Each structure stands twice: as C-alpha cells, then as structure tokens.
Amino acid sequence: MSNKEESTEKKVVIVAEDDYVSFILLEVLLAGYNFKLVNTYNGKQTIEALKKYPDAVLILMDLKMPVMDGYIATREIRKFNKDIPIIAQTAYALSGDSQKALDAGCNSYVTKPIKKEDLINIIDPYLK
C-alpha cells in the first residue's frame, strides 16, 4: 500500500471504536493514505454504517463496545457481507479474544496499543 493512490476518491474505512482517543490515534496512523475514516461507537452503528457505505473497503472493529460488542457485530455483518475485511482491535490478545474474534468472522486482529507498522502490515493485503 503506497501513500500515493492512483484514484483521487477516498476509500471508506469504518472504524468501530467507542474510545475517541483511540479513534484519533488511528486517524494519525492512517494519515497520508487515501482513506475516509467513518467512526462508529458501537456494533449497531457499525452495521448501519456498512449499509450506508456498501463500498467500504475495511472495518477496524473494536471488540469491547457498548450496546453491541464487536463479536456480535461481526457475526451480524457476516450475514449480509461475507467479503469485507474485518480486522479486530483488541487489548486482550492473551485472554483468547483474538481467537474469539476470528471465530466470529474477523479476518485478522491487531493488538492495542496499535503500532503503525503492525497496522499497515495487517491491513495491506486486504486492500490490494
């Protein structure tokens, strides 16, 4: 993935993250890429955002959110969209959340605190 995209139209990335500071960090990490980040605060909003932006190219899914968590949201999304890459964000990789995320339908996961190099390496294959 290069910083210089051929298309001038931004690719929509849905960021399911209830912690605004964590969302801002992702904005900073992905600055310079041709992305329009759409922030949602819970799983229900994430599902609605994907219906509003069916051309979204990626979902960064926080697992721990109010109203509807990332596991349930991922399972619900997989009922109507099996193709969109969903990358779980978890601070609890050691407790088995990463495997639970994969079992729920996530394609991969990144552990918090998120490092730019790790994030780019994880999302890059899904954006080709």
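The structure presented is a predicted model; accordingly, all values stated were derived computationally and were not measured.

Student: For this particular structure, what's the right way to read the confidence of the model for the protein?
Tutor: Segments scoring low in pLDDT should not have their predicted coordinates read at a detailed level. For the protein, mean pLDDT is 89; residues scoring 70 or higher make up 91% of the total. Of all secondary-structure elements in the protein, the lowest mean pLDDT belongs to helix α4 (residues 97-104), at 86, while helix α2 (residues 43-52) reaches the highest, 98. Contacts of residues 1-5 to residues separated by more than four positions or lying in other chains number 12 contacts, the stretch itself having pLDDT below 50.

Student: Where do I start with the packing of α2 against helix α3 (residues 70-80) in this structure?
Tutor: Between two packed helices, both the angle of their axes relative to each other and the distance between the axes serve to describe the pair. Following both chains from N to C, one finds α2 and α3 inclined at 25°, their axes separated by 9 Å at the closest point. The orientation of α2 with respect to α3, classified from their angle, is roughly parallel. Where α2 crosses over α3, the handedness of that crossing is right-handed. Between α2, through Gly-43, Thr-46, Ile-47, Leu-50 and Lys-51, and α3, the contact on the second element is made entirely by Ala-73, Glu-76, Ile-77 and Phe-80. Classifying every residue of the contact of α2 with α3 by side-chain character gives 5 nonpolar, 2 polar and 2 charged.

Student: Is there a simple way to explain the sheet that holds strand β3 (residues 58-62) in this structure?
Tutor: Picture the strands of a sheet paired through backbone hydrogen bonds; they go either parallel or antiparallel. Across the sheet, 5 strands lie side by side as β2-β1-β3-β4-β5; this open sheet has parallel pairing. A strand with exactly one partner marks an edge of an open sheet, and here the two such strands are β2 (35-40) and β5 (108-111). Strand-to-strand twist of the sheet, defined as the mean angle between neighbouring strand axes without regard to direction, takes the value 20°. Taken together, the 4 bridges between strand β4 (residues 86-90) and β5 define a ladder with parallel strand orientation. Paired with Gln-89 across the bridge in β5 is Val-110. Against the sheet, helix α1 (residues 20-29) touches β1 (11-16), β2, β3 and β4, its axis set at about 170° to β2. Sheet contacts for α3: β3 and β4; angle to β3, the most-contacted strand, approximately 150°.

Student: Mind showing me how you'd approach α3 here?
Tutor: One turn of the α-helix equals 3.6 residues, which is why residues spaced by three or four share an orientation. When we look at burial in α3, the residues that qualify are Gly-70, Tyr-71, Ala-73, Thr-74, Ile-77 and Arg-78. Mapping the buried residues of α3 onto a view down its axis gives an arc of 160°, with all of them on the same face. Where α3 is buried, its residues contact α2, β3, β4 and α4. Regarding α3, its N-cap is Asp-69, as a side-chain oxygen of that residue lies 3.1 Å from the backbone nitrogen of Tyr-71 further along.

Criteria and cut-off values
Residues numbered from 1 in each chain as written. Predicted model: local features only at pLDDT ≥ 70, side-chain atom pairs only at ≥ 80, totals over all residues. Heavy atoms only, no water. pLDDT = per-residue confidence, 0-100. Helix = DSSP H or I, 4+ residues; strand = E, 2+ residues; numbered from the N terminus. Contact = heavy atoms within 4.5 Å. Axes fitted to C-alpha atoms, helices over the stretch in contact; angles between N-to-C directions. Parallel < 35°, antiparallel > 145°, perpendicular 65-115°, else oblique. Left-handed = near helix turned anticlockwise from the far one by under 90°. Nonpolar A, V, L, I, M, F, W, Y, C, P; charged D, E, K, R; others polar. Pairing = 2+ DSSP bridges. Buried < 20%, exposed > 50% of the residue type's maximum accessible area, 1.4 Å probe, protein only. Arc of directions from axis to C-beta. Polar contact = N/O pair within 3.5 Å; in protein donor to acceptor, adjacent residues only side chain to side chain.

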